[in-house]
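Remarks on the overall topology
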Amino acid sequence: MADATMFFPADFLWGTATSSHQVEGHNVNNDWWQWEQEEGHILDGGDSRVACDWWENAEADFDRAKEMGTNAHRMSLEWSRIEPEPGAFDSVAIERYREMLQGLHDREIEPMVTLHHFTNPLWLVEKGDFSTDLVVDYFQRYTDKVVAELGDLIPKWVTFNEPLVYVLARYLQHAFPAPETRGWLEGRRAIGNMLRSHAAAYHTIKESYPNALVGVAKHFRAIIPRKDGNWLDAWWAGRVARLFNDSWMESMASGRLRWPVGRGIIKDLAHTFDFVGINYYSRAHVRFPPRGNRLYEEQGPNGVMIDGDQPSGSYPGDLFTIIQSNMRHGKPIYITENGLPDATDNLRPAYILTHLRELWRAISFNYPIMGYYHWSLVDNFEWERGWTQRFGLIEMDPQTQERRWRSSGRLFSEICKSNSVSSDMARRYAPQLLETMFPGKTPVKNVD
Ligand code: BGC
């Protein structure tokens, strides 16, 4: 039987993505750990505890990533481990990260390393975290150390993970550990300081390693006015898209801060990214006026409810549109995160296939998509949603640490190993897609 096969470029990177606090365990020296200990902050009273035990044994999961056929992995460094007290570095922690990075290289898995993924050392929070201007020098000191000690093992860098998600959740929504003074003014100050920190880190890395690629993993969403909305909803959708999707990228491109995120020029910021990192999960719907302090709502008209009470609308075509709108930067594109919470794994195989089809479509438009990092390799600690959401290609029981491959893990493995997506995979893993994704019929052979 003929099979439709979408091949990906020969040097395509197939990876998974994680962050330190979500997988390492016992990150007792950061603001998230502290936040978890206070009642009512994490759904179902969860906390990160031993997480996926990576601090002790990441290598067992690296073996699984290797077995899966991936050739890339995105991980983050925990600032609070590397610099537990201001200016005092922990050589044992740095050595452990060297071991982990080397472990990935040994398995021919290329690391992409994030410097900041939502967590802050407690000492930094005491000083006012990103809303104090001092943070720029602190972040510089941390980056200097990481570049000096680990830079030879890091070909790709992400300075910040989802800077605007971080700022909104922390300064406006109170969903992340919140500083004492919060609100939009503080949030704006944090954005400015994160951009300054990013610029300094970019130049520090490039001075020592000119061939390293440096960027940001930016969360993008298609921002759609609510169903049956009016012109005000449509106008507001445009505003939110500018703020949420475009403002950060424009600042990194031009070196300028524009309303509503700030004003003026940031020295040495212009042209400080070598690639666009896209984190894509789902669509957002907006209404005007917004309700409470939420800029957008997740539920779309076809939204599906998966894991817990957080609805998520999956629209693979949005990924294509987001890629297209980022072509203006003229840079290579990596999908630095994409995935969904689905403990039952009923929907994940179709999610993967339909999103990868959009990626392949973009590649066939000659858009420079260089790699795809699925969130995530194993179930891990989902921030304020605790353990109520499961994103893993591999299931992980946080009580016993037992792992079990999900069907989507096996599918992803076939994709990585064959460097392709095919109708045969759809037939075996998500037959409901055949009619829509591969509607052509196999020609019937003439029989004499
Ligand atoms: C974050 C991850 C998180 C994932 C799924 C992304 O916004 O970068 O840390 O686990 O979403 O919720």
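Residues numbered from 1 in each chain as written. Predicted model: local features only at pLDDT ≥ 70, side-chain atom pairs only at ≥ 80, totals over all residues. Heavy atoms only, no water.

Section: the packing of helix 12 (residues 348–364) against helix 13 (residues 407–418)
So the rule is basically this: To obtain each axis, a line is fitted to C-alpha atoms, and for helices this fit is confined to the stretch in contact; angles are then taken between N-to-C directions over 0 to 180 degrees. Strands here mean DSSP runs of E at least two residues long; helices mean DSSP runs of H or I at least four residues long; both are numbered from the N terminus. Should an angle fall under 35 degrees it is called roughly parallel, over 145 degrees roughly antiparallel, and 65 to 115 degrees roughly perpendicular, with every other angle called oblique. The contact criterion used throughout is that any non-hydrogen atoms of two residues lie within 4.5 Å. Throughout, the ten residues Ala, Val, Leu, Ile, Met, Phe, Trp, Tyr, Cys and Pro are labelled nonpolar, Asp, Glu, Lys and Arg are labelled charged, and all others, Gly among them, are labelled polar.
Remark: helix 12 packs on helix 13, axes separated minimally by 8 Å, with the N-to-C direction vectors making an angle of 30°. The orientation of helix 12 relative to helix 13 falls into the category roughly parallel. Here helix 12 contributes R348, P349, I352, L353 and L356 to the contact with helix 13, which in turn contributes S407, S408, L411, F412 and I415. Of the residues contributing to the contact of helix 12 with helix 13, the split by class is seven nonpolar, two polar and one charged.

Describing the site of the ligand
Under the convention used in this document: Residues are counted as near a molecule or strand when any one of their heavy atoms sits within 4 Å of it. Any N or O atom pair separated by 3.5 Å or less is treated as a polar contact, with the protein-specific requirement of one donor-capable and one acceptor-capable atom, and with residues adjacent in sequence counted only for side-chain atom pairs. Here the accessible surface of atoms and residues is derived via Shrake-Rupley with a 1.4 Å probe, and residues count as covered only by protein chains that are part of the display.
Neighbouring the ligand are 13 residues; Q22, H117, E162, E382 and W383 lie closest to it. Take E337: an N or O atom from its side chain is 2.9 Å from an oxygen atom of the ligand. Within the complex, 93% of the 310 Å² of free accessible area of the ligand lies under protein. The residue inventory of the shell around the ligand, partitioned by class, reads five nonpolar, four polar and four charged.

What about the packing of aromatic side chains?
The condition that has to hold: The rule is short: rings of Phe, Tyr and Trp, with Trp giving its six-membered ring, pair when the centres are within 6.5 Å, and they are stacked under 30 degrees, edge-to-face over 60, tilted in between. Burial classes follow relative accessibility: with a 1.4 Å probe on protein chains only, a residue under 20% of its type's maximum area counts as buried, one over 50% as exposed, and anything between as partly exposed. Whether a charge sits over a ring comes down to the Lys NZ or Arg CZ being within 6 Å of the ring centre and within 35 degrees of the ring normal.
Under the defined criterion, the tally for this structure stands at 32 aromatic pairs. Here W123 and Y138 contribute two aromatic rings whose centre-to-centre distance is 5.4 Å and whose plane-to-plane angle is 90°, an arrangement assigned as edge-to-face. Remark: Y138 occurs in helix 7 (residues 135–150) and W123 occurs in helix 6 (residues 122–127); sequence separation between them is 15 residues. Relative accessible area serves as the criterion here: at 13%, Y138 is assigned to the buried category. An aromatic cluster of at least three residues, connected via ring pairs, comprises W32, W79, F118, W123, F130, Y138, F139, Y142, F160, Y166, F176 and W383. When the ring centre of W55 is taken as origin, the NZ or CZ atom of R81, which lies over that ring, is 3.8 Å away. In this structure, K331 packs its charged tip against the face of F273, placed 5.4 Å from the ring centre.

A few points about helix 10 (residues 231–254)
Selection criterion: Fitting axes to the seven residues ending at a residue and to the seven starting there, one defines the bend at that residue as the angle between these axes.
The sharpest bend along helix 10 measures roughly 55° and falls at D246. Two to three positions downstream of the cap, the backbone nitrogen of L232 sits 3.0 Å from a side-chain oxygen, assigning the N-cap of helix 10 to N230. Just beyond helix 10, the residue with positive phi is G255, at close to 85°.

Observations regarding the environment of L377
Of note, L377 is situated in the loop between strand 15 (369–374) and strand 16 (394–396). Classification of L377 as buried rests on a relative accessible area of 0%. When the C-alpha positions of L377 and I415 are compared, they lie 15 Å apart, and in sequence the two are 38 residues distant. What L377 contacts, discounting residues up to four positions off in sequence, is T16, A17, W54, D61, A65, M68, G392, L393 and I394.

Quick word on the side chain of D31
Relative to the elements of secondary structure, D31 occurs in helix 2 (residues 31–37). For D31, the side chain forms a polar contact with the main-chain nitrogen of N120, separated by 2.9 Å. Ignoring any residue separated from it by four or fewer positions in sequence, one finds D31 in contact with F118, T119, N120, L122, V125, R170 and P177.

Points about the sheet that holds strand 3 (residues 72–76)
We count it as follows: Should DSSP find at least two bridges between two strands, the strands are regarded as paired.
Taking strand neighbours around the barrel as the criterion, the eight strands line up as 2-3-4-5-6-10-14-15 in a closed arrangement whose pairing is parallel. Strand-to-strand twist of the sheet, defined as the mean angle between neighbouring strand axes without regard to direction, takes the value 25°. The pairing of strand 4 (residues 110–116) with strand 5 (residues 156–161) spans four bridges and is classified as parallel. Each residue of the ladder has a partner; that of T114, found in strand 5, is V158. Where helix 10 meets the sheet, it contacts strand 6 (213–220) and strand 10 (276–280), and its direction lies at approximately 160° from that of strand 6. Against the sheet, helix 12 makes contact with strand 2 (13–17), strand 10, strand 14 (333–338) and strand 15, and its axis sits at roughly 170° relative to strand 15, the strand it touches most.

What about the pattern of salt bridges?
Opposite charge on two side chains lets them pair, provided their charged atoms get close. Let me state the cut-off plainly: Basic side-chain nitrogens of Lys or Arg form a salt bridge, by our definition, when they fall within 4 Å of a carboxyl oxygen of Asp or Glu.
Scanning the entire structure with this criterion turns up 35 salt bridges. R170 is paired through a salt bridge with D31; the nearest N and O atoms lie 3.1 Å apart. Separated by 139 residues along the polypeptide, R170 in helix 8 (residues 163–172) and D31 in helix 2 bring together distant segments of the chain. Just as R170 is buried, D31 falls in that class too. Of the charged contacts, one joins R390 and D379 as a salt bridge, the two residues approaching to 3.3 Å between their closest N and O atoms. Placement of the pair is R390 in the loop between strand 15 and strand 16 and D379 in the loop between strand 15 and strand 16, with a sequence separation of 11 residues. Here R390 matches D379 in class, with each residue buried. What you see here is one network of salt bridges that share partners, running through D3, E414, D424, R427 and R428.

Any functional reading would require information beyond the geometric quantities listed.
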